[in-house]
Amino acid sequence: MSVQTQLARITVPQIRAHKGGQPIVCLTCYHAHTAKLLDQHVDLMLVGDSLGMVMHGLETTVGVTLDMMITHAKAVMRGSKRALVTVDMPFGSYEESPAVAFRNAARVMQETGATAVKLEGGARMAETIAYLTQRGIPVMGHIGLTPQMVHVKGGFRTVGREENEWPALIADAHAVSDAGAFAVVLEGMAEPLAARITQLIAIPTIGIGASSVCDGQVLVMEDMLGLNPNPPKFVRQYAQLGPAIEAAVEAYARDVRSRTFPGVENVYPMKKAQ
Ligand code: KIV
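All of these numbers come straight from a predicted model, not from anything done at the bench.

What about the site of the ligand?
For the ligand, the full set of nearby residues is Thr 28, Leu 46, Gly 48, Asp 49, Ser 50, Asp 88, Lys 118, His 142, Val 185 and Ile 208. One nitrogen or oxygen atom from the side chain of Asp 49 is found 3.0 Å from an oxygen atom belonging to the ligand. Note that an oxygen atom of the ligand is positioned 3.1 Å from one of the side-chain N or O atoms of Asp 88. Considering the ligand on its own, with 260 Å² of exposed area, one finds that the protein chains cover 95% of that surface. Of the residues in the shell around the ligand, the class split is three nonpolar, four polar and three charged.

A word on helix α5 (residues 98-112)
Taking 1.5 Å per residue, 15 residues should reach 21 Å; α5 reaches 21 Å between its end C-alpha atoms and fits that length. Among the residues of α5, Pro 98, Val 100, Ala 101, Asn 104, Ala 105, Ala 106, Val 108, Met 109 and Thr 112 are the ones counted as buried. For α5, the elements touching its buried residues are α4 (66-79), β3 (84-88), β4 (116-118) and α6 (126-133). Phi turns positive one or two residues past the end of α5, at Gly 113, with a value near 80°.

Analysis parameters
Residues numbered from 1 in each chain as written. Predicted model: local features only at pLDDT ≥ 70, side-chain atom pairs only at ≥ 80, totals over all residues. Heavy atoms only, no water. Near = heavy atom within 4 Å. Polar contact = N/O pair within 3.5 Å; in protein donor to acceptor, adjacent residues only side chain to side chain. Areas by Shrake-Rupley, 256 points an atom, 1.4 Å probe, with all protein chains shown as cover. Nonpolar A, V, L, I, M, F, W, Y, C, P; charged D, E, K, R; others polar. Helix = DSSP H or I, 4+ residues; strand = E, 2+ residues; numbered from the N terminus. Expected span 1.5 Å × (residues − 1). Buried < 20%, exposed > 50% of the residue type's maximum accessible area, 1.4 Å probe, protein only. Contact = heavy atoms within 4.5 Å.

Below, the structure written as structure tokens:
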């Protein structure tokens, strides 16, 4: 008997097929209601571990746990139907060994229903990427500025502005691609290097602070919506929701304090006595 399964969402091969063609549209997403709003407009939603900083007020992504990722990924899956959802593997959940990475990534997929995971690191993570993809877990790579390394590096720094850095970063890109990743995020990377990597490797590159030369773009949704008062310099803001929310809350507070808050007479009118 042969059974054909038509997957409801955009698939990993469909994302791969964007290589050199129509750019991939990707945003981070952490909640059900925003997932619903994004679903028809993006190809890919990333439940990024940036949620630790954006949603939970952490200073870095190092404190994010697997349970936090799973909780937010479940919400994003409930809110969306179409886009491919990829979930970040948080710090400490995959670096130890390919087997540990598999166990935790399988948990993410089984408990959330998401299609793929993302993990940080180039050549050093190639064995793990191969181990996961060969066992049914699609992996998105992430090279360049890798925020989980913040304490080793002593901060966040754009990479590739000096040509002597290029060979190691190009080797990272090849390692991730050859290991079977279906796409790779290039974060905080000088444009000429991002262009070179995009030209050299077989899988789509998805840039964040790496210029429009990449095969797609990802931004932290709150940054592009104007919810972050100090967004990274490369972010174009498409709305100013932060000031809009503040103005709305101010107006609400004014209404409540001046007792001009609308009553409920029209919504729940008194019933006439029988
Ligand atoms: O965690 C995240 O949001 C990310 C993107 C910035 C690529 O990894």
